[in-house]
Amino acid sequence: MATKNTKTVTTMSAEEKAAAKAAEKAAKEAAKAAEKAEKDAKKAAAKEAELAAKNGHSTMGGHLMIPKNPHFLDDSEFMMNKMKVRIYFIQDVLGTWANNKQLVTDFISNSAVKKIVRTDTSLTAAEEVDFCPEIEDPELQELKAMTVFPRNPRTGEPVMMGYQMKGFFKAAAKACRNRADSKSAKMTAFVSKIDSDINIVAKYAQIHWGPDNRFHNLQRPLRAETAKGPRVALANSEVISAGAYFDMEISFPVDKYVDLIQEWLNYGYYVGLLQWRNAGYGRFMYQILDDNDQPVAGNMSPAKLAAYQQEWEDDFKFALENEARELAMGEESLNVKNVKAGTGAEASSNRTITRG
């Protein structure tokens, strides 16, 4: 008896067809992703091998890394752009530093306790106190109330602090922004940019004397309108005469600051440094120096400087003549008083001994 083979035909529903199609698609995507991952792994391995061949070791695995071309850097390879500037005071300049070490020490201590935000001087508390001159003569204790120039702790010479110059740049930028055609007007967030980008390389710069190498002092009234009415106080400040100068180096990251710094320095011809600027004190002109300290730019040309130096020398000679004249008049007045008090050679002899 012959057996007849029968063929069974299975019919899939629509849902089963959709599921099978989705599974097939997922399998293809998985295969494609695996293929891509394998290619990426090969590329990464090839790149790591290339870097390892260049650097001599692998870039992964906790290795100690060194530069590709290890060497100690020259200044030109890591330092910012720099500009060396010489500032000449064309008017007398007034000191701003406290003349009392104890006062400075107490102020610093109280600032920490009361959480007072102080000006960033880039100095430690001990350094700040060291720059304050000390008056030991009991007869001169009243001078502790005057404002003076900070002194170099090693040499005793007056100095200009770097942070004071940086503060001037901020004030100058703010003033220059009032002119629409100024370069400062295009700066945004100029205070923070000066803080972060403009740096005075040295903490302080020695002030070199002009023809008049003596300290003077200036007393003037300070008037203030208060809730209780006008109040007047006397201020006393140490003065350095016109003709003094100091050098400083300014560093900055990008070339655009060259023109900005010159714009700010030009402002110093109209409004100067330190105290009583509104009265014209502290005004200055400047020279930009090259590597050999030769002037190459600025608003103080060599010809102008020669004319100013002659003027400063003449003013100093005139001041000395006035002082000598006043001293002679004082001696003459004293002699007249002594003659009236006594007669003859005895009085004259006493005057000579008294005045040495």
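Counting restarts for each chain, with residues numbered from 1 along the sequence as it is written. It should be noted that, the model being predicted, local features are given only for residues of pLDDT at least 70 and side-chain atom pairs only at 80 or more, the latter also being counted only at that level, while totals for whole chains, interfaces and linings use all residues. No hydrogens and no water enter the side-chain calculation; it runs on all heavy atoms of the structure.

**Here's the deal with the sheet that holds strand S10 (residues 245-252)**
Reasoning step 1: If you trace the five strands from one edge of the open sheet to the other, you get S6-S10-S1-S11-S12, paired in antiparallel fashion. Only two strands of the sheet have a single neighbouring strand rather than two, namely strand S6 (199-200) and strand S12 (295-298).
Reasoning step 2: One requirement defines pairing of two strands: DSSP has to find at least two bridges between them. Each helix is a run of H or I in the DSSP string that is no shorter than four residues. Each strand is a run of E no shorter than two, and both are numbered from the N terminus. By the bridge criterion, three bridges tie strand S11 (residues 284-289) to S12 in an arrangement that is antiparallel. From the neighbouring strand, Ile288 faces S12, where its bridge partner is Ala297.

**Focus on the pairing of strand S9 (residues 229-240)**
Reasoning step 1: Here strand S2 (residues 93-94) pairs with S9 via two bridges, running antiparallel. Across the sheet, residue Leu94 finds its bridge partner in S9, namely Val239.

**Quick word on the packing of helix H5 (residues 162-176) against helix H7 (residues 257-267)**
Reasoning step 1: In this analysis, axes come from line fits to C-alpha atoms, helices being fitted only over the stretch in contact, and the angle between any two N-to-C directions falls in the range 0 to 180 degrees. Remark: H5 packs on H7, axes separated minimally by 9 Å, with the N-to-C direction vectors making an angle of 90°. The angle between the axes of H5 and H7 places the two elements in the roughly perpendicular class. Of the residues in H7, those in contact with Met165, Phe168, Phe169, Ala172, Ala173, Ala175 and Cys176 of H5 are Ile261, Glu263, Trp264, Leu265 and Tyr267.
Reasoning step 2: Residues that form the contact of H5 with H7 fall into these classes: 11 nonpolar, no polar and one charged. Here is the rule for angles: anything less than 35 degrees is roughly parallel, anything more than 145 is roughly antiparallel, 65 through 115 is roughly perpendicular, and the remaining ranges are oblique. Throughout, a contact is declared for two residues whenever any of their heavy atoms are within 4.5 Å. Ten residue types, Ala, Val, Leu, Ile, Met, Phe, Trp, Tyr, Cys and Pro, are classed as nonpolar, four, Asp, Glu, Lys and Arg, as charged, and the remainder, Gly among them, as polar.

**Details of the pattern of salt bridges**
Reasoning step 1: The salt bridge criterion pairs a side-chain nitrogen of Lys or Arg with a carboxyl oxygen of Asp or Glu, the two atoms within 4 Å. This structure, assessed with the given rule, holds 13 salt bridges.
Reasoning step 2: A salt bridge links Glu35 to Lys39, with the shortest nitrogen-to-oxygen separation between them at 3.9 Å. With Glu35 and Lys39 both in helix H1 (residues 14-55) and four residues apart, this pair spans about one turn of that helix.
Reasoning step 3: Exposed residues in this analysis have more than 50% of their type's maximum accessible area, buried residues have under 20%, and partly exposed residues fall in between, with area computed by a 1.4 Å probe over protein chains only. For Glu35, a relative accessible area of 45% translates into the label partly exposed.
Reasoning step 4: Residues Lys36 and Asp40 are paired through a salt bridge, measuring 3.2 Å at the closest nitrogen-oxygen approach. Pair noted here: Lys36 and Asp40 are both in helix H1, with a separation of four residues, about one helical turn.
Reasoning step 5: Taking relative accessible area as the criterion, Lys36 reaches 54% and is therefore assigned exposed.
Reasoning step 6: The network of salt bridges with common partners includes Asp212, Arg214 and Glu323.

**What to know about the confidence of the model for the protein chain**
Reasoning step 1: For every residue, the predictor assigns a confidence score, pLDDT, that lies between 0 and 100. Taken as a whole, the protein chain shows an average pLDDT of 80; of its residues, 78% reach a score of 70 or greater.
Reasoning step 2: Mean pLDDT across the elements of the protein chain ranges from a minimum in helix H9 (residues 344-355), with 36, to a maximum in S11, with 95.
Reasoning step 3: This model gives residues 113-118 a pLDDT under 50, and the stretch forms five contacts once residues within four places in sequence are excluded.
Reasoning step 4: Here residues 343-356 is modelled with pLDDT under 50, and outside its nearest four sequence neighbours on either side it reaches seven contacts, counting other chains as well.

**Quick word on the nonpolar core**
Reasoning step 1: Counting residues in hydrophobic clusters, the biggest one holds 36 residues, and the most contacted among them are Met165, Phe169, Phe246, Met248, Ile261, Trp264 and Leu265.
Reasoning step 2: Those elements that place two or more of their residues in this core are strand S1 (81-89), H5, helix H6 (190-197), S10, H7 and S11.
Reasoning step 3: The greatest single-element share of this core, amounting to six residues, is contributed by H5. Definition used in this section: a nonpolar core is a set of buried Ala, Val, Leu, Ile, Met, Phe, Trp, Tyr and Cys residues joined via side-chain atoms within 4.5 Å.

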